[in-house]
Amino acid sequence: MTDFPFEIAATDGKARTGALKTSRGDIRTPAFMPVGTAATVKALYMDQVRDAGSDIILGNTYHLMLRPGAERVQRLGGLHKFAGWSGPMLTDSGGFQVWSLANLRKLTEEGVTFQSHVDGSKHSLTPERSIEIQADLLGSDIVMQLDECTPFPCLRDDARASMELSLRWAKRCQTAFGHRDSQTLFGIVQGSVYEDLRRESAERLVGLGFGGYAVGGLAVGEGFEMMCEVLDHTVPHLPKDRPRYLMGVGKPIDLVEAVARGVDMFDCVLPTRSGRHGQAWTDTGPINLKNARFAEDDSPLDASIDCPASRDYSKAYLHHLIRCGEYLGSMLLSWHNIAYYQSLMARMRTAIAAGEFQAFRQGFVDGLDASKSD
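Residues numbered from 1 in each chain as written. Predicted model: local features only at pLDDT ≥ 70, side-chain atom pairs only at ≥ 80, totals over all residues. Heavy atoms only, no water.

1. Quick notes on the layout of surface pockets
1) Next: Space inside the largest pocket adds up to approximately 880 Å³.
2) Next: Around the largest pocket sit 40 residues that line it, and Phe96, Gln97, Gly248, Asp267 and Val269 are the ones nearest its centre.
3) Next: Those elements that provide at least two residues to the lining of the largest pocket are strand 5 (57-60), helix 5 (95-100), helix 9 (224-232), strand 14 (265-268) and helix 11 (270-276).
4) Next: Classifying every residue of the lining of the largest pocket gives 16 nonpolar, 15 polar and nine charged.
5) Next: Looking at the second largest pocket, its volume works out to about 320 Å³.
6) Next: Looking at the lining of the second largest pocket, the elements that each hand over two or more residues are helix 10 (252-260), strand 15 (279-282), strand 16 (285-288) and helix 15 (357-373).
7) Next: With six residues, helix 15 is the single largest residue contributor to the lining of the second largest pocket.
8) Next: The residue makeup of the lining of the second largest pocket, split by class, is eight nonpolar, four polar and five charged. (1 Å grid on protein atoms, 1.4 Å probe; cavity = no way out; pocket = protein on both sides within 12 Å on 5 of 7 lines; lining within 4 Å. Points joined across faces, edges and corners; volume = space filled by probe spheres on them. Helix = DSSP H or I, 4+ residues; strand = E, 2+ residues; numbered from the N terminus. Nonpolar A, V, L, I, M, F, W, Y, C, P; charged D, E, K, R; others polar.)

Structure, rendered in C-alpha cells:
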C-alpha cells in the first residue's frame, strides 16, 4: 500500500496543520471536503468549489454504483473526468448509506445485500467489490475500507461484534487493494461510545497499517459532548504521522473542537443542504434567510470572505430569492456556505501556524455564546 506523504508544518496543543501530498495535488490540513454525492457538489459548479478553497471533494460509492453505475463511469474516463474535477478525490465505501437503509438490507460475514432505494433492484457490496468500485472503476485517490457503521445507542456486545466485523473487512479490503502507486487506503475506527472498544479498534487498525485513519460511527445521534469524548479517547491512539479523518461531521463548532483534538480531515453535507433550505452559516451560527427581518437588510452575508455569494449580494436579495423559491437562492447560499467552511479551515490553519489556535478556539466559542444570549 502507498502512503501519501503527510507533512505536519506546525502544531498548537493537539491541533496541527500541514499537507497531505497526492499525485493530483496537495491537501492542506485541517481540510474540509465538500460532499459530491452523485459526482456533483449540489448546486455548485466545480470551479466554484475550487475557487472557494477546496483542495479535495468526496464522492459516494453507494449512489454512484446505482446511478449512473460504476462501470459506466469507468468507461467515461473515471470519476475525475466525469465530474470535471482535477484535484484529489476521496470516496466513501458505501457502508454508511447501506447501513441507513435499515429494512432494505441484509448483513452477513461476506458483505451486504440490499435493495436500491431508486428502483428496488438487488445489489451486493462486499469489501472486495467496494475496493473495486472505488479504486478501479471510479479511480479515487483516497479509498475507504468497507465497514459497518455502529449505530447509537448500541449495547456493548453489539458494538464489539460490529467492530470485529469491520476489522475483518479491513483486512479483506487491504488484500483487495494491494499496492497502488497513486492511491491510498484508509481504515475506519469503530466501537460506538465505548472507550475500550475505540482504543482496541484503533490499535488493531494501526497494527494492520493504513495510509490514514478515519473515526467512523459518530454524528449518528450521540450529541456534541459525547462526540468530543469519543475523540478524546480515540485520536491519541492513532499515529501522529498519518492523517486523521472524522467522517460526516459537521457544524462549524464540531470542526473547531475536533481540530483541537488532533483531527485533520472532515466531510459533511451540511453546507449545501443548509443552503438549499435557506440557511447561511456564520461564526455566530446559522441564519435563516426566510426570516422577515432580512427583507430590507442590504448588508452582505460576510464581506470578509472572498466569494461573490458572500460579498456581493444583500441579505434582502437572498431573502427575496428564497421566499420566491428561485433556484439562484439555493445556489448562492450553498456557494457561500462552502466558502465559509473553507474560510474557517483556512483561519484555523493560520492560527495553528502562528501558535494562536487556542485563542482562536476560545474566541470562536465566545462568539457563539454571545450570539445565543442576544
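2. A word on the environment of Glu222
1) Next: Within the element layout of this structure, Glu222 appears in the loop between strand 12 (212-215) and helix 9.
2) Next: When the C-alpha atoms of Glu222 and Pro153 are compared, they prove to be 7.5 Å apart, with 69 residues separating the residues in sequence.
3) Next: Apart from residues lying up to four places away in sequence, Glu222 is in contact with Phe152, Val193, Gly217 and Met227.
4) Next: Side-chain polar atoms of Glu222 contact the backbone nitrogen of Ala219, separated by 2.8 Å. (Contact = heavy atoms within 4.5 Å. Polar contact = N/O pair within 3.5 Å; in protein donor to acceptor, adjacent residues only side chain to side chain.)

3. Comments concerning the environment of Leu107
1) Next: For Leu107, the location among the structural elements is in strand 7 (residues 105-107).
2) Next: The spatial distance from the C-alpha of Leu107 to the C-alpha of Glu148 is 9.0 Å, given a sequence separation of 41 residues.

4. Here's the deal with the sheet that holds strand 10 (residues 142-144)
1) Next: Strand order in the closed barrel made by the eight strands is 4-5-6-10-11-12-13-14, with parallel pairing throughout. Shown here is a sheet whose adjacent strand axes are inclined to one another by a mean of 30 degrees, direction ignored.
2) Next: In this sheet, strand 12 lies alongside strand 11 (residues 184-189) in parallel orientation, the contact comprising four bridges. Residue pairing across strands places Gly187 opposite Tyr213, the latter belonging to strand 12.
3) Next: Packed on one face of the sheet, helix 8 (residues 195-208) meets strand 11 and strand 12 and runs near 160 degrees to strand 11. (Pairing = 2+ DSSP bridges. Axes fitted to C-alpha atoms, helices over the stretch in contact; angles between N-to-C directions.)

5. Quick word on the pairing of strand 9 (residues 122-125)
Residues in a regular strand project their side chains so that they alternate between the two faces of the sheet.
1) Next: In this sheet, strand 9 lies alongside strand 8 (residues 112-115) in antiparallel orientation, the contact comprising four bridges. Residue Val112 lies in a different strand from strand 9, and its bridge partner there is Leu125.
2) Next: The hairpin turn running from strand 8 into strand 9, its antiparallel successor, is six residues long, and Gly120 in that turn takes a positive phi close to 80 degrees.

6. With respect to the packing of aromatic side chains
1) Next: Taken as a whole and judged by the stated rule, the model has seven aromatic pairs.
2) Next: Taking the centre distance of 5.5 Å and the plane angle of 45 degrees together, the rings of Tyr62 and Phe114 count as tilted. Taken together, the residues Tyr62 in helix 2 (residues 61-66) and Phe114 in strand 8 connect sequence positions 52 residues apart.
3) Next: Assessed through its relative accessible area of 2%, Tyr62 is described here as buried.
4) Next: For Phe114, a relative accessible area of 2% corresponds to the buried category.
5) Next: Between Tyr340 and Tyr341, the ring centres sit 6.1 Å apart and the planes meet at 80 degrees, which makes this aromatic pair edge-to-face. Neither residue differs from the other here; Tyr340 and Tyr341 are each classed as buried. (Phe/Tyr/Trp six-rings, centres within 6.5 Å; stacked < 30°, edge-to-face > 60°. Buried < 20%, exposed > 50% of the residue type's maximum accessible area, 1.4 Å probe, protein only.)

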